[in-house]
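# Structural description and commentary
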Amino acid sequence: MKEFRLYLSHLTFRRAVNLALCGIGYFFSRLFCKPFVFSMPYSVSLEPTTRCNLLCPECPTGNGTLNRPLGDMSISLFKSIINQVSPYTTTVLLHFQGEPLLNGSIVDMVRYATSKRIITEIATNATLITYPLASNLVKAGIKKIVVSIDSPTEQEFGYYRKGAKLSDVLQGVKNIIEARDLSGQRYPIVVLEMLAFKRSINDIDKFIELGRQLSVDKVRVKSVQVSSGKEGFKMIPFNSVYSRYRMDDKSAFSLKSIKNKPCSNPWFKLSVYHHGNVVPCCFDKSGEHVLGHANDLKNVWKSDKYNFFRSKLLLNRNGIPLCSQCPQGRIKLDFELK
């Protein structure tokens, strides 16, 4: 209810019409198997940085396989994007690859988006959330913070979160909640998230209890995304509702569902790399489908290149290698427990 009220309070008439047009465009696109785009994106995902302070083994940034330059989004580019989308867009997600709090302008980004009455959300490892930073984020108007801990025990936490201590992360969560409560504000909504790894899947009850102790707003389990290979294979909790994969044989795995149906994201959401390149969604981590640059988002969003991608998605999703392995719209990814 708290989150519903948040979105409702930021839904202006123009944004409500835009959201309806997103849905209408997608409906007609499905109906006629050709792209109809009557709107601008309802939600935008921006990448504050590709840098990270951790070395998580299945993350392209952490394991060094991200084949894009490391860097930060400039505040000038951020403001340009916000100025272009603010009449239509309700939410800006300040995360993609990398740890967003490493961008020294992150508080200014939140403050500027807030000034345009846009909801801001950050997903973070929380290792950098000191009390002063937490206080500044709250004052800037951050509305939602997702913290992933992956395990409620120090030993299992360190198995994946290389370079971090669980105690530091929990202190970061405490800092943001304390700063919020002392300010007398209702937000940010604080979500404690656990990635469902094979080694930690039996600790879900402990995880729920930890969330209660920290007084977070939500506790959820998220199925883990892994790359192919022996290490990824070892991490998947096969035969669990919290897994997005099934085991094909002793050395391979695949998505539980590969239904060849279109994905609605390119009609509702837009994703932008730190240097301004536009891609269809956050699943395109390496820039396989660069659709334009954020200097002119309206023309990029309705461009022939973007619509050609939408057409391929409508006609044969599994014919696009990136989309064939994406679980969006096929498998439940998030499980809210509190």
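Presented here is a report on the structure given in the accompanying data block. (Residues numbered from 1 in each chain as written. Predicted model: local features only at pLDDT ≥ 70, side-chain atom pairs only at ≥ 80, totals over all residues. Heavy atoms only, no water.)

## With respect to the overall build of the protein
The number of helices and strands found in the protein is 13 helices and 12 strands. Taking the principal axes of its C-alpha atoms as reference, the protein extends roughly 55 × 50 × 40 Å. The contacts of the protein with a sequence gap of at least 6 include a subset with a gap of at least 24, amounting to 68%. Of the roughly 15000 Å² that the protein leaves accessible, carbon and sulfur atoms contribute 54%. For the protein, the distance from the average position of its 47 positive side-chain charges to the average position of its 27 negative side-chain charges is 7 Å. (Helix = DSSP H or I, 4+ residues; strand = E, 2+ residues; numbered from the N terminus. Contact = heavy atoms within 4.5 Å. Areas by Shrake-Rupley, 256 points an atom, 1.4 Å probe, with all protein chains shown as cover. Lys, Arg positive; Asp, Glu negative; His and termini not counted. Charge placed at Lys NZ, Arg CZ, Asp CG, Glu CD.)

## Description of the pairing of strand β1 (residues 43-46)
Burial along β1 is two-sided: the face carrying S43 and S45 and the face carrying V44 and L46 are both buried. For the crossover from β1 across helix α3 (residues 75-85) to strand β2 (residues 91-93), the handedness is right-handed. Where β1 and strand β9 (residues 269-272) come together, 4 bridges link them in parallel fashion. Its bridge partner lying in β9, S45 is registered against S271. (Buried < 20%, exposed > 50% of the residue type's maximum accessible area, 1.4 Å probe, protein only. Right-handed = clockwise from strand over helix to strand, strands pointing away. Pairing = 2+ DSSP bridges.)

## Observations concerning the nonpolar core
Of all hydrophobic cores here, the largest spans 95 residues; its most connected members are L46, F78, I149 and L192. No other element matches helix α7 (residues 166-183), which puts 7 residues into this core. The contact partners of F78, leaving out residues within four places of it in the chain, are L46, M73, L94, M109, Y112 and A113. Counting 6 residues, the second largest nonpolar core, distinct from the first, contains L6, I119, V146 and I189. (Core = buried A, V, L, I, M, F, W, Y, C linked by side-chain atoms within 4.5 Å.)

## Side note on the side chain of S243
Inspection of the secondary structure assignment puts S243 in the loop between α9 (230-235) and β7 (245-249). Judged by relative accessible area, S243 falls into the buried class, the value being 2%. Residues contacting S243, with those up to four places away along its chain left out, are S223, I236, P237 and K256.

## Examining the sheet that holds strand β5 (residues 189-196)
Strands sit in the order β11-β10-β9-β1-β2-β3-β4-β5-β6-β12 across an open sheet of 10 strands; the sheet is mixed. Of all the strands in the sheet, just β11 (292-293) and β12 (334-336) have a single pairing partner and so form its edges. Alignment of strand β4 (residues 144-148) against β5, held across 5 bridges, turns out to be parallel. Across the sheet, the residue bridging to V146 is V191, located in β5. On the sheet, helix α8 (residues 204-214) packs against β5 and β6 (218-223) and is oriented at approximately 165° with respect to β5. (Axes fitted to C-alpha atoms, helices over the stretch in contact; angles between N-to-C directions.)

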